[in-house]
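Each chain, letter by letter, is given below.
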Amino acid sequence: MKYSKELVQELENKAKALRKDVIVSMGVGVAGHIGGSNSSADIVAALYFYKMKYDPANPKMEDRDRFLLSKGHVAILQYAALAEAGFFPVEDLKTTKDIGSHLQGHPDVLKTPGIEAGTGSLGQGLSIGLGMALGMKLDKINRKVYVLIGDGETGEGQIWEAALAASHYKADNLIAIVDRNGLQANGKTEDRMNSACLEEKWKSFGWEVININGHNMEEILQALDEADEMKGKPTVIIADTVKGQGVSFAENVVSFHNSPLTEEQYQQALQELI
């Protein structure tokens, strides 16, 4: 499918706005997950502002698509998307992690509108998403469940239990997206629990596999549209990304998995995301 230049540009601008919101949410001197948030920003922009059906005025609308942030430690990215989509004021992002704020370090389904499940204990999101997807089939709700997973997270056994079950039950309304940026908290993913050949692994579990450049908006849109048409099995989109994308000093730097910003870094990041 061919996408208009206007649509692609609009979504690229949204992704840049999300990255800027992430920086604003972090502020100065408070640790935050800029790396994994920025690597996923293009994907999340495409989901919230192109693909998914939802209603900010009615977050629990039955006929909605579901988005689960399995890598819940990058909650600031989802908060940015929810704010830009109108679930709550963008100004609230500055209260992230404050005592009493509805925006905490990990997503909280009880406090934040638009959150589908409390996540952040890595490996659990795909299981939750599968349960939702199968429940929607039973209730004849013709919508999708999207689960964003980190590549480091694929070292968790629960991911593969859920993957096998999803294939067995033909959960074609479940779409997993793997943010493959190659880094995790303590270094390269290949040095911790090697997640090479992810394409072959997911195929062997019975999934349809689509590989894309996770920073190419047209490829992201094409993959999401292809996943919509898949029947009889779940789909995984493996997105090759750069950790910290869009902020030069954080790109491919392990320490920015979860690091505070200095005042100088904060201002530089905001300037680079104008």
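Quantities reported herein were computed from a predicted structural model and do not represent experimental measurements.

Here the focus is the overall build of the protein chain. Across its full length, the protein chain holds nine helices and seven strands. A globule of 274 residues ought to have a C-alpha radius of gyration of about 19 Å, and the protein chain, at 17 Å, matches this closely. Reported as C-alpha extents along the three principal axes, the dimensions of the protein chain are approximately 50 × 45 × 40 Å. Classification of the 274 residues of the protein chain by burial places 52% in the buried group. Pairs at least 24 residues apart make up 76% of the contacts formed inside the protein chain by residues separated by at least 6 positions. A total of about 11,700 Å² of accessible surface is found on the protein chain, and carbon and sulfur atoms cover 50% of it. Here the protein chain contributes 28 positive and 38 negative side-chain charges, whose respective centroids are spaced 3 Å apart.

Pairing within the open sheet is parallel, and its five strands lie in the order 1-2-3-7-6. One side of each edge strand has no neighbouring strand; the edge strands of this open sheet are strand 1 (66–69) and strand 6 (208–213). In this sheet, neighbouring strand axes are inclined to one another by 20° on average, regardless of whether the strands run parallel or antiparallel. With six bridges joining them, strand 6 and strand 7 (residues 235–240) adopt parallel strand pairing. If you follow glutamate 208 over to strand 7, its bridge partner there is threonine 235. Lying on the sheet, helix 2 (residues 34–51) is in contact with strand 1, strand 2 (145–150), strand 3 (174–180) and strand 7; it crosses strand 3 at an angle near 150°.

Attention now moves to the packing of aromatic side chains. With the rule as written, the count across this model stands at nine aromatic pairs. Look at tyrosine 54 and phenylalanine 87: their rings are 5.5 Å apart centre to centre, the planes differ by 35°, and that puts the pair in the tilted class. A residue pair is termed long-range when its members are at least 10 positions apart, and tyrosine 54 in the loop between helix 2 and strand 1 and phenylalanine 87 in the loop between helix 3 (75–85) and helix 4 (125–138) qualify at 33 residues. Among the residues examined, tyrosine 54 registers a relative accessible area of 23% and is labelled partly exposed. Each member of the aromatic cluster is reached from another via a ring pair, and the members are Tyr48, Phe49, Tyr54, Phe67 and Phe87. Here the guanidinium or amino end of lysine 14 rests over the ring plane of phenylalanine 49, the centre of that ring lying 4.6 Å away.

Our focus in this paragraph is the nonpolar core. Of all hydrophobic cores here, the largest spans 57 residues; its most connected members are Ile23 and Phe67. Those residues in contact with phenylalanine 67 that sit more than four places away from it in its chain are Val44, Leu47, Tyr48, Met52, Gln78, Glu116, Tyr146 and Leu148. Grouped together as the second largest cluster of nonpolar side chains are 25 residues, Ala133, Ile159, Leu174 and Val236 included.

Another point: the pairing of strand 3. In terms of residue burial, strand 3 counts as a mostly covered element, since seven of its seven residues are buried. Residue alternation in strand 3 divides its side chains into two sets, Leu174, Ala176, Val178 and Arg180 and Ile175, Ile177 and Asp179, and both sets are buried. Judged from the six bridges that link them, strand 2 and strand 3 form a sheet pairing that is parallel. Paired with isoleucine 149 across the bridge in strand 3 is valine 178. Of the crossover connections in this fold, the one passing from strand 2 over helix 5 (residues 157–168) to the parallel strand 3 is right-handed. Note: strand 3 against strand 7, six bridges, orientation parallel.

Even without being a glycine, lysine 170 presents a positive backbone phi close to 55°. Relative to the elements of secondary structure, lysine 170 occurs in the loop between helix 5 and strand 3. Judged by its relative accessible area of 52%, lysine 170 falls in the exposed class.

Between helix 1 (residues 5–26) and helix 9 (residues 263–272), whose axes approach to 9 Å, the crossing angle comes to 160°. In terms of orientation, helix 1 and helix 9 fall into the roughly antiparallel class. Considering the relative orientation of helix 1 and helix 9, their crossing is left-handed. Facing helix 1, whose interface residues are Lys20, Ile23 and Val24, helix 9 presents Tyr266, Ala269 and Leu270.

Each value, and the rule that gives it
- Residues numbered from 1 in each chain as written.
- Predicted model: local features only at pLDDT ≥ 70, side-chain atom pairs only at ≥ 80, totals over all residues.
- Heavy atoms only, no water.
- Helix = DSSP H or I, 4+ residues; strand = E, 2+ residues; numbered from the N terminus.
- Rg over C-alpha atoms; globule rule 2.2 N^0.38 Å.
- Buried < 20%, exposed > 50% of the residue type's maximum accessible area, 1.4 Å probe, protein only.
- Contact = heavy atoms within 4.5 Å.
- Areas by Shrake-Rupley, 256 points an atom, 1.4 Å probe, with all protein chains shown as cover.
- Lys, Arg positive; Asp, Glu negative; His and termini not counted.
- Charge placed at Lys NZ, Arg CZ, Asp CG, Glu CD.
- Pairing = 2+ DSSP bridges.
- Axes fitted to C-alpha atoms, helices over the stretch in contact; angles between N-to-C directions.
- Phe/Tyr/Trp six-rings, centres within 6.5 Å; stacked < 30°, edge-to-face > 60°.
- Lys NZ or Arg CZ within 6 Å of the ring centre and 35° of its normal.
- Core = buried A, V, L, I, M, F, W, Y, C linked by side-chain atoms within 4.5 Å.
- Right-handed = clockwise from strand over helix to strand, strands pointing away.
- Parallel < 35°, antiparallel > 145°, perpendicular 65-115°, else oblique.
- Left-handed = near helix turned anticlockwise from the far one by under 90°.

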